[in-house]
Amino acid sequence: MSDETGSVSLVFNGEIYNYRELRSQLEARGRAFRTQSDTESILHAYLEWGIDFLDRIVGMFAIAIWDDRSEELFLLRDRLGVKPLYWLELGGQQGIAFASEVSALLQSGLSSRRLNRTAVCNYVALSYIPGDDSIIEGLHRLPPATMLRWKRGEAHTLRRYWDLAAIWGNAHPAVQNESDVEAEFLARLEKATTRRLVSDVPLGALLSGGIDSSVVCALAAKSKERLITFSVGFSEATFDELPYARAMAKFLDAEHHDSVVSCDSPDLLLEVAGRLDEPFADTSILPTYVLCRTARSRLTVALSGDGGDELLAGYTTHTADALLRTIGWLPPSALRVAERLAALIPDTRSKVGAVFKLKQFLRGASLDSASAHASWRMLAVFDGLRELINPDFWSRDTDPFGPALAADREAQGLSPLDKALYVDYKTWLPDDILTKADRASMAHGLEVRSPFLDHELVEYCAGLPSRFKMRGLQRKYLLKRVASHLIPRDIVRRPKRGFNAPVSHWIPGPWRELSNDVLSKSALQAGSVFNADAVGRRLREHVTGQHDHGFLLFCILMLCLWQQQHKL
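Given the structure is predicted, the values throughout are model-derived calculations rather than measurements.

Turning to the packing of helix α9 (residues 267-275) against helix α10 (residues 285-295), a few remarks are in order. Axis separation between α9 and α10 bottoms out at 10 Å; the angle between their running directions is 85°. With respect to their mutual orientation, α9 and α10 come out roughly perpendicular. On α10, the residues touching L268, E271, V272 and R275 of α9 are I285, L286, Y289, V290 and R293. Of the residues belonging to the contact of α9 with α10, the class tally is 6 nonpolar, no polar and 3 charged.

The next point concerns unusual backbone geometry. Here S127, not a glycine, exhibits a phi torsion of approximately 85°, which is positive. Notably, K476 is not glycine yet its phi reads approximately 55°, a positive angle.

This brings us to the pairing of strand β7 (residues 146-151). For β7, the buried fraction is high: 5 of the 6 residues fall into the buried class. Sheet topology places strand β3 (residues 72-77) next to β7; 5 bridges connect them, and they run antiparallel. In the sheet register, E72 faces β7, and the bridge partner there is K151. Where β7 lies against strand β8 (residues 157-160), 4 bridges are found, and the strand directions are antiparallel. For L148, the partnering residue across the bridge sits in β8 and is L158.

A few words now on the nonpolar core. Counting residues in hydrophobic clusters, the biggest one holds 176 residues, and the most contacted among them are F53 and F185. With 11 residues, helix α27 (residues 550-566) is the single largest residue contributor to this core. Excluding residues that lie within four positions of it along the chain, F53 makes contacts with I42, A45, Y46, I65 and L76. Counting 10 residues, the second-largest nonpolar core is a separate cluster that includes L73, L85, W87 and I96.

A separate point is the pattern of salt bridges. Going through the model one piece at a time under the given rule, you end up with 37 salt bridges. With its nearest N and O atoms 3.6 Å apart, the salt bridge here joins D253 to R226. Of this pair, D253 sits in the loop between α8 (242-252) and β11 (255-261) while R226 sits in the loop between α7 (211-221) and β10 (228-234); the two residues are 27 residues apart in sequence, bridging distant segments of the chain. Given the relative accessible area of 44%, R226 is considered partly exposed. Linking R246 and D258 is a salt bridge whose minimum nitrogen-to-oxygen distance equals 2.7 Å. Here D258 lies in strand β11 and R246 lies in helix α8, a separation of 12 residues in the sequence. The class for R246 is partly exposed, based on a relative accessible area of 41%. The class for D258 is partly exposed, based on a relative accessible area of 27%.

Right, let's get into the sheet that holds strand β5 (residues 96-99). Whether parallel or antiparallel, the strands of a sheet pair through hydrogen bonds between backbone atoms. Read across the open sheet, the 3 strands follow the order β5-β4-β6; overall the sheet is antiparallel. The open sheet terminates on both sides in strands that have one partner only, identified here as β5 and β6 (140-141). Pairing of strand β4 (residues 86-89) with β5 involves 4 bridges; the strand directions are antiparallel. Note on β5: the bridge partner recorded for L88 is A97.

Our focus in this paragraph is the layout of surface pockets. Within this model, the second largest pocket holds a volume of roughly 490 Å³. Taken together, 27 residues line the second largest pocket, and the ones lying closest to its centre are D132, P143, P144, R160 and K426. Of all elements in the fold, only β8, α17 (402-410), α18 (416-426) and α19 (428-442) reach the threshold of two or more residues within the lining of the second largest pocket. Looking at which element gives the most residues to the lining of the second largest pocket, the answer is α17, with 4 residues. Looking at the lining of the second largest pocket, its residues break down into 14 nonpolar, 4 polar and 9 charged.

Any pair of aromatic rings gets described here by the distance separating the centres and the angle formed by the planes. Per the counting criterion, the structure on display carries 12 aromatic pairs. Centroid distance F234 to W506: 6.2 Å. Interplanar angle 55°. Geometry classified as tilted. A residue pair is termed long-range when its members are at least 10 positions apart, and F234 in strand β10 and W506 in helix α23 (residues 503-506) qualify at 272 residues. In this structure F234 comes out as buried when scored by relative accessible area, which is 3%. With a relative accessible area of 3%, W506 lands in the buried category. On the basis of an interplanar angle of 20° and a centroid distance of 6.1 Å, the ring pair of W511 and F554 is categorised as stacked. On the criterion of sequence distance, the pair formed by W511 in the loop between α23 and α24 (512-518) and F554 in helix α27 is long-range, its members being 43 residues apart. The class of W511 is buried, set by a relative accessible area of 0%. Put simply, the rings of F234, W506, W511 and F554 pair up and form one aromatic cluster. Here R377 stacks its cationic end above the ring of Y315, 4.7 Å away from the centre of that ring.

The rules behind these values
Residues numbered from 1 in each chain as written. Predicted model: local features only at pLDDT ≥ 70, side-chain atom pairs only at ≥ 80, totals over all residues. Heavy atoms only, no water. Axes fitted to C-alpha atoms, helices over the stretch in contact; angles between N-to-C directions. Helix = DSSP H or I, 4+ residues; strand = E, 2+ residues; numbered from the N terminus. Parallel < 35°, antiparallel > 145°, perpendicular 65-115°, else oblique. Contact = heavy atoms within 4.5 Å. Nonpolar A, V, L, I, M, F, W, Y, C, P; charged D, E, K, R; others polar. Buried < 20%, exposed > 50% of the residue type's maximum accessible area, 1.4 Å probe, protein only. Pairing = 2+ DSSP bridges. Core = buried A, V, L, I, M, F, W, Y, C linked by side-chain atoms within 4.5 Å. Salt bridge = Lys/Arg side-chain N within 4 Å of Asp/Glu carboxyl O. 1 Å grid on protein atoms, 1.4 Å probe; cavity = no way out; pocket = protein on both sides within 12 Å on 5 of 7 lines; lining within 4 Å. Points joined across faces, edges and corners; volume = space filled by probe spheres on them. Phe/Tyr/Trp six-rings, centres within 6.5 Å; stacked < 30°, edge-to-face > 60°. Lys NZ or Arg CZ within 6 Å of the ring centre and 35° of its normal.

Structure below.
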């Protein structure tokens, strides 16, 4: 969209939730509107207030603004990184290229087609690409809450326009009455939910049966005549959560639809790998993809519970952090012995079971707290990672912990829990959770909105004392207190299960022929990234049941399939 003179133009992907309030303010200042869109509110806001309009908008967005008057380009990404934005600077005076997808820049011919070795190695460690790198050399991701300014003949500049660390660090709340905090939190969450219900197309919700999505659905149901909800499950019992979702939908009298993710062939794996813009191997991408595809049959917009775990400490890693602090007096050597002994325990293939959690915890227990928190997101120990990668491809700059440790340094002065939450906001949330949600939903033209990602709600919760987020080993203390008045207690009290897919069962099962083909010695040698012998050994150990390498093999599979799709 351009202004009437053609001097300012913008491209916008996303949704501005307070655009009606902005429009009223702008009309009161004499601005005349031609449409009813939130895009025009952005355009007039920039014309009226300049780039400082960012302080006034609430939403998820990737925005590019070209101001012909000053010959400046501004690239802007939303505060928490819901919407992606890639960019690369072209040589000499050619300019700058940008897009919401890597594939757009690859197809334009403007970017290189060389793999970013550091990004690939970090991906294999984590199952996603961390930080500002992309899978393609020279192509960057604009960080969340960041503005890039480019002007011909000048070096580009990056500026963070919203600093959560500063907000967190400046928050020094007095001792607060618990009932007052509950009431204020609920009011803010209701406001965030109501903002996201504005739609002129069919709107419903994604319902997992966990506390986050259940609370969002309960609040949305207050304003919707009959909420439409969608869920997916698995035939593997330890992975299936459909009974909880169905119970919650019945409680709300929602119009509920659910389905079971079927994987009697590798078709779903191949379809998802072909739709991903970059390699991505959080196994929950598979059910999320199916969920979004199913929901799109009835909906154009869907609410979700994304962001609740970062808001109020909902991950098992936060429990692991607390446990690590209680055993901090043990010498690292003793913890390393415990790690070696735990490695002798046979693996199980249940959904992130106790054995997996124990081994993962002990893997990081001998490290400092910041490195330990980062390590619990890692698929392979560093030595194992080095062995997996072809020596000719290995990058000396490989550092899976780098972005997490950098975020930890930014959070100095915060409580241990708040430091961990800040790290999650800066790394795990945008690089994994929101990447998954955007890729899965946009593949089907479904817009997903999450009230827990409202930046004003995030700012409020950042300032709360840690006891409202986690009390003892009880995570999400405040949310559970509020939820007890909104949803059934069985949903409130049930343990967090996550949304992982049973890939450990599928690799030696319906995916076996494909896995043997894609991970064969000749295929891996042609791809140049992996040490074929190391990968082959892990595949044999997994198929024979000697060890569970499901997450790691899925990660490797997704990268190899992505390479085949893009001929890289």
